[in-house]
Amino acid sequence: MAFSVVNLAHSRAFRISPTDTNYFVMLFDHETDRIDNIFVIEIFRPGGATPPNEHAAAHEFFHVLHGEGIARCDGKTLPIRKGDSLLLHPGSEHVIENTGAGKLYCLTVMTPNEGFAELIRSGEPVEIEADDIAVLQGRDLAVQR
């Protein structure tokens, strides 16, 4: 197949660990698209953060779709918000944290996959919430309520 299209309403989402405050909406990976990288929407609950982590050989890219937070990497802290992009190089220990009042949404791409898709899929399935779909489809949440 020359291309793939994802419908968010039919996508699968996972939380890696039951105590995690972020979860992942799977878009494209080796299992579904036979590619060597992974594309997900990473959603952080208010106050949520990734555990400190690093990747031996992979670059990790974050593009903030909605919300605000901070990125900590190798002893530096930078604010991130809607429209910002962040590229982390292999071996960089990092944390992404939601500091906003609402959820933080990031398009996250890891190249190569380095087992990330398998780690996510081995976690617990979670529901993609109606507000997640509304934000990701660009609908105004105030109208939804």
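The rules behind the values
Chains are numbered independently. Their residues run from 1 in the order of the written sequence. This being a predicted model, a pLDDT of at least 70 is required before a residue's local features are given, and a value of 80 or more before pairs of side-chain atoms are given or counted; all residues contribute to the totals for chains, interfaces and linings. In computing side-chain values, all of the structure's heavy atoms are included and hydrogens and water are not. Secondary structure elements follow DSSP: runs of H or I of four or more residues count as helices, runs of E of two or more count as strands, with numbering from the N terminus. The buried label applies to any residue whose accessible area, calculated with a 1.4 Å probe on protein chains only, is under 20% of its type's maximum; exposed applies above 50%, and partly exposed to all values in between. Contact between two residues is taken to exist if any of their heavy atoms lie within 4.5 Å; hydrogens are not considered. In these tables, accessible area is a Shrake-Rupley quantity obtained with a 1.4 Å probe, and a residue counts as shielded only by the protein chains included in the view. Confidence scores per residue from the predictor, reported as pLDDT, run from 0 to 100. The criterion for strand pairing is that DSSP finds at least two bridges linking the strands in question. Inter-axis angles, ranging from 0 to 180 degrees, are taken between N-to-C directions of lines fitted to C-alpha atoms, where helices are fitted over the stretch in contact. A cavity, in this analysis, means grid points on a 1 Å lattice covering only the protein atoms where a 1.4 Å probe fits yet has no way out; a pocket is instead an open set bounded by protein on both sides within 12 Å along at least five of seven lines, and a residue lines either one if it has an atom within 4 Å of a point. Grid points are joined across faces, edges and corners, and a volume is the space filled by probe spheres set on the points. Ten residues, namely Ala, Val, Leu, Ile, Met, Phe, Trp, Tyr, Cys and Pro, are considered nonpolar, four, namely Asp, Glu, Lys and Arg, are considered charged, and the remaining ones, Gly among them, are considered polar.

Before we move on, can you summarise the overall build of the protein chain with the specific residues and values?
Helices and strands together make up the secondary structure of the protein chain, namely four helices and 10 strands. Its helices and strands in sequence order give the protein chain the pattern β-β-α-β-β-β-β-β-β-β-α-β-α-α, from N to C terminus. By the burial criterion, 41% of the 145 residues in the protein chain qualify as buried. In the protein chain, the share of contacts with a sequence separation of at least 24, taken over all contacts with a separation of at least 6, comes to 66%. Approximately 8000 Å² of the protein chain is accessible, and the part contributed by carbon and sulfur atoms is 55%.

Kindly report on the confidence of the model for the protein chain, identifying the contributing residues and their values.
For residues with low pLDDT, the predicted coordinates do not support detailed interpretation. Put simply, the protein chain has an average pLDDT of 92, and 95% of its residues get 70 or more. Within the protein chain, the lowest mean pLDDT, 48, falls on helix α4 (residues 141–144), and the highest, 98, falls on strand β9 (residues 104–111).

Talk me through the sheet that holds strand β8 (residues 94–98); I want residue IDs and the actual numbers.
Taken in spatial order, the three strands of this open sheet run β6-β5-β8, and their pairing is antiparallel. Single-partner strands in this sheet number two, and they are β6 (76–81) and β8. In this sheet, neighbouring strand axes are inclined to one another by 20 degrees on average, regardless of whether the strands run parallel or antiparallel. Looking at chain direction, strand β5 (residues 68–73) and β8 are connected through five bridges and run antiparallel. Looking at the pairing, C73 lines up with H94 of β8.

Go over the layout of surface pockets, please, and point to the residues and values.
Approximately 230 Å³ is the volume found for the largest pocket. Lining the largest pocket are 18 residues, and of these I16, N53, H55, F116 and L119 sit closest to its centre. When contributions to the lining of the largest pocket are tallied by element, the ones reaching two or more residues are β2 (22–28), β4 (59–66) and α2 (116–121). In the lining of the largest pocket, the residues fall into seven nonpolar, seven polar and four charged.

Give a detailed account of the pairing of β9, specifying residues and quantitative values.
Within β9, six of the eight residues are buried, which leaves it mostly tucked inside the rest of the structure. Where strand β3 (residues 38–44) lies against β9, seven bridges are found, and the strand directions are antiparallel. Bridge pairing in β9 links I41 to L107. One ladder, built from seven bridges, connects β4 with β9; its direction is antiparallel.

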